[in-house]
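Structural description and commentary
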Amino acid sequence: MQLNDGQAAESRGEGARSDQSTPPRPARPTGTADVRSPAREPMVRERAASPPAAQGRESRLWFDGELHDATKLQATLGTHALHYGSGVFEGIRAYATRDGAAVFRLPEHLERMRKGCELLGMDFDVAEATAAVLQTLRANRLGDAYIRPLAWYGDGGLGLDVTGRSHHLMVATSATNLHLNGNRTRVSVSQWRRNPASSLPPLKLCGGYVNSILAKREVRLRGYDEAMFVDDDGYAVECTGANLFLVRDGGITAVEHRDALPGITRDTLVRITGADSRPVSMEELLDADEVFACGTAAEVAPIAEIDGRRFDANSPLTREIAAVYAATVRGESSWSGRWLTKA
């Protein structure tokens, strides 16, 4: 397998786009976006008694138009999302680059979030959310960071009708915390099935992640690190918070399934590697030379075994892909500029 754009040489150092074309090859990064939001009045806030300030920590959180001390905001016990999971979130990463902190594929993440909000009937201004992410990142002076925007329904009484309810938007940032810890991961197939897309669209809807919690808890009790979903026909879907790829005889295949989240990291890797994207049976997956998971938090994580089936301990192609991905998100690739938003 030959990585595109000479990326093999460079390896030394989450709505994704629908087309699967290889990125263009500019001679140098084409620059970064700097989107600013039009001003508007903040929405009504949900405030409660503030807990004591966290010692040795200065953390700012963007909430409904303004930055606040993260320790001084709380949602009330009547919050609709607390009772029914009526919220939408994204997991986004920022990276320290030679030119300062930059957010990877921010427009794609926020467009996917907009789709989830639209589904639940919440207003979502992509330009405002973009400005909020960048403002929060700057306020917390983070280079490498995990970014969590969350939109949710607030107070207004119990019941499933969300018409006319208040809704809110926050953005929090934290030091990077890798999903799967960036290590070779032991995976087990869960007894639970992934939420079918015909019942719950594969977006980052808060309530839908109870499905992942159940699967993760089940396999952890059996001594595994991560759970994998398989459908009733024996086809691989995804892990609890990451998409799947396999390597066989030097070829790379991205596992495709209608019930799986259309991952932004997955899309990035398909574009970089030219991987084939198609449904994959568990029989084929277990016959692979290498298997890896990918996601915004997981990045590129080699899988050590699936229910006792061990894979190549060196995972050479997976590690090469991981190095190329790392170069891309840190602005060291010739096409990084089109995917990075400067903070």
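Everything that follows concerns the structure shown earlier in this document.
Residues numbered from 1 in each chain as written. Predicted model: local features only at pLDDT ≥ 70, side-chain atom pairs only at ≥ 80, totals over all residues. Heavy atoms only, no water.

1. As for the packing of aromatic side chains
Ring pairs (aromatic) are described by centroid distance and by the angle formed between their planes. Which entries qualify depends on this criterion: Within 6.5 Å between ring centres, the rings of Phe, Tyr and Trp (the latter by its six-membered ring) count as paired, and their orientation is classed by plane angle as stacked under 30 degrees, edge-to-face over 60, tilted in between. Runs of E in the DSSP output that reach at least two residues are strands. Runs of H or I that reach at least four are helices, and both are numbered from the N terminus. Only protein chains enter the accessibility calculation, which uses a 1.4 Å probe; a residue is then buried when its area is under 20% of its type maximum, exposed when over 50%, and partly exposed in between. Counting as a charge over the ring demands two things of the Lys NZ or Arg CZ atom: a distance within 6 Å of the ring centre and an angle within 35 degrees of the ring normal.
Throughout the structure, instances matching the rule amount to six aromatic pairs. Ring centres of phenylalanine 104 and tryptophan 339 lie 5.9 Å apart, and the angle between their planes is 80°; on these two criteria the pair is classed as edge-to-face. Of this pair, phenylalanine 104 sits in strand 5 (residues 100–104) while tryptophan 339 sits in the loop between helix 8 (316–329) and strand 17 (340–342), placing them 235 residues apart in sequence. Residue phenylalanine 104 is classed as buried on the basis of its relative accessible area of 4%. A ring pair is formed by tryptophan 335 and tryptophan 339, whose centres lie 6.2 Å apart and whose planes are at 80°; its orientation type is edge-to-face. Pair check on accessibility: tryptophan 335 and tryptophan 339 agree, each one buried. Linked through ring pairs, Phe104, Tyr325, Trp335 and Trp339 together constitute an aromatic cluster. Just above the ring of tyrosine 224 sits the side chain of arginine 186; from NZ or CZ to the centre is 4.6 Å.

2. Comments concerning the pairing of strand 14 (residues 290–295)
Look at any regular strand and the pattern is simple: side chains alternate between the two faces of the sheet. For the record, the criterion: Two strands pair under a simple rule: DSSP has to find at least two bridges between them.
When you tally the buried positions in strand 14, you get six out of six residues, the bulk of the element. Taking every second residue as pointing to the same face, both faces of strand 14 are buried, with Glu290, Phe292 and Cys294 on one and Val291, Ala293 and Gly295 on the other. Where strand 11 (residues 243–248) lies against strand 14, five bridges are found, and the strand directions are antiparallel. Pairing of valine 247 across the sheet is with glutamate 290, part of strand 14. Where strand 14 meets strand 15 (residues 299–306), four bridges bridge the pair, whose relative direction is antiparallel. Pairing of alanine 293 across the sheet is with alanine 301, part of strand 15. In this antiparallel pair of consecutive strands, strand 14 and strand 15, the connection spans three residues.

3. Digging into the pattern of salt bridges
How we decide: Each reported salt bridge corresponds to a side-chain nitrogen of Lys or Arg within 4 Å of a carboxyl oxygen of Asp or Glu.
Enumeration over the complete set of coordinates arrives at 17 salt bridges. Measuring nitrogen to oxygen at the nearest pair gives 2.7 Å for the salt bridge that ties arginine 114 to glutamate 111. Residue arginine 114 and its partner glutamate 111 are located together in helix 3 (residues 106–120), separated by three residues, close to a single helical turn. When its relative accessible area of 24% is taken as the criterion, arginine 114 is described as partly exposed. Between lysine 216 and glutamate 226 there is a salt bridge, and its shortest N-O distance comes to 3.3 Å. Taken as a pair, lysine 216 in helix 5 (residues 210–221) and glutamate 226 in strand 9 (residues 226–230) lie far apart in primary sequence, 10 residues in all. What makes lysine 216 partly exposed here is its relative accessible area of 25%. In this structure, a network of salt bridges that share partners links the residues Arg105, Glu108, Asp267 and Arg271.

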